Amino acid sequence: MCLIFTCGEHTFRKEVEGYEGLTCQCHNCGNYSAHVIKSNPWFTFCFVPVLPLSFKGYHDVQCHVCNFAQPLENRPDVMNMKGGGSNNIPMQNHGPPQGWGPPPPQGQPPMQYK
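Residues numbered from 1 in each chain as written. Predicted model: local features only at pLDDT ≥ 70, side-chain atom pairs only at ≥ 80, totals over all residues. Heavy atoms only, no water.

### Brief notes about a nonpolar patch on the surface
Short version of the rule: What makes a patch is a set of residues exposed beyond 30% relative accessible area and free of salt bridges, joined within 9 Å when like-charged and within 5 Å when nonpolar (Val, Leu, Ile, Met, Phe, Trp, Tyr). Note on areas: Shrake-Rupley, 1.4 Å probe, and residue coverage restricted to the protein chains presented here. Within this document, salt bridges are pairs made up of a side-chain nitrogen of Lys or Arg and a carboxyl oxygen of Asp or Glu, the two lying within 4 Å of each other. Here a helix means four or more residues in a row that DSSP labels H or I, a strand means two or more in a row labelled E, and each is numbered from the N terminus. Here's how the labels work: a residue is buried when its accessible area is under 20% of the maximum for its type, exposed when over 50%, partly exposed in between, all with a 1.4 Å probe on protein chains only.
Taken together, the side chains of Met1, Leu3, Phe5, Phe43, Phe45, Val48, Val50, Leu51 and Leu53 define a hydrophobic patch exposed on the protein surface, amounting to about 980 Å² of accessible area. No other element matches strand 3 (residues 48–52), which puts three residues into the nonpolar patch. Within the secondary structure layout, Phe43 lies in strand 2 (residues 34–45). Given a relative accessible area of 31%, Phe43 falls into the partly exposed group.

### Focus: the pairing of strand 4 (residues 58–63)
Going by this rule: The pairing criterion for strands is at least two bridges between them, as found by DSSP.
In the sheet, strand 2 pairs with strand 4 via six bridges, with the strands oriented antiparallel. Looking across to strand 4, one finds that His35 is bridged to Gln62. Pairing of strand 4 with strand 5 (residues 69–71) involves three bridges; the strand directions are antiparallel. Counted as the bridge partner of Val61 is Gln70 from strand 5. Following strand 4, the chain reverses through five residues before pairing antiparallel with strand 5; Asn67 in that reversal takes a positive phi of roughly 60°.

### As for the environment of Cys26
Convention followed: In this analysis, two residues are considered to be in contact whenever any of their non-hydrogen atoms come within 4.5 Å of each other.
On the secondary structure map, Cys26 appears in the loop between strand 1 (7–15) and strand 2. Leave out the neighbours within four places in its chain, and Cys26 touches Asn31, Ala34, Cys63, Cys66 and Phe68.

### Thoughts on the pattern of salt bridges
Taken as a whole and judged by the stated rule, the model has one salt bridge. A salt bridge links Arg75 to Asp77; its shortest N-O distance comes to 3.1 Å. Of the residues examined, Arg75 reaches a relative accessible area of 2% and is grouped as buried.

### A closer look at the nonpolar core
To keep it simple, the criterion reads: Here the nonpolar core consists of buried residues drawn from Ala, Val, Leu, Ile, Met, Phe, Trp, Tyr and Cys, with membership extended through side-chain atoms lying within 4.5 Å.
Judged by nonpolar contacts, Val16, Tyr19, Leu22, Cys24, Cys26, Ala34, Val36, Val61, Cys63, Leu72, Val78 and Met81 together constitute the single largest core of twelve residues. Leaving out residues up to four positions away in the same chain, Leu72 has contacts with Tyr19, Val36, His59, Asp60, Val61, Val78 and Met79.

Have a look at this one:
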């Protein structure tokens, strides 16, 4: 008789209370797609969670684009946003795209391609 058992680890994740719906910038890729997540890792036996590997869990700022996770304690900018304070994504006005020259001088017709 042959019995096969599988052991492993599964992490349960949920949003941290007070940071629901908060989107902040990832310090790895620069995208505004990071969320504050609480992670609780568990030891599993035959795909059934049996033993917690951490009783308190981990509070991380995790990016959904590059999967980079950083401890919340290392992000004071995000900790200041708790409860919805300053939740806006900053819009930057850079002007015209790089490589565009100054506007044509006044009184001169624009260039035409033939």
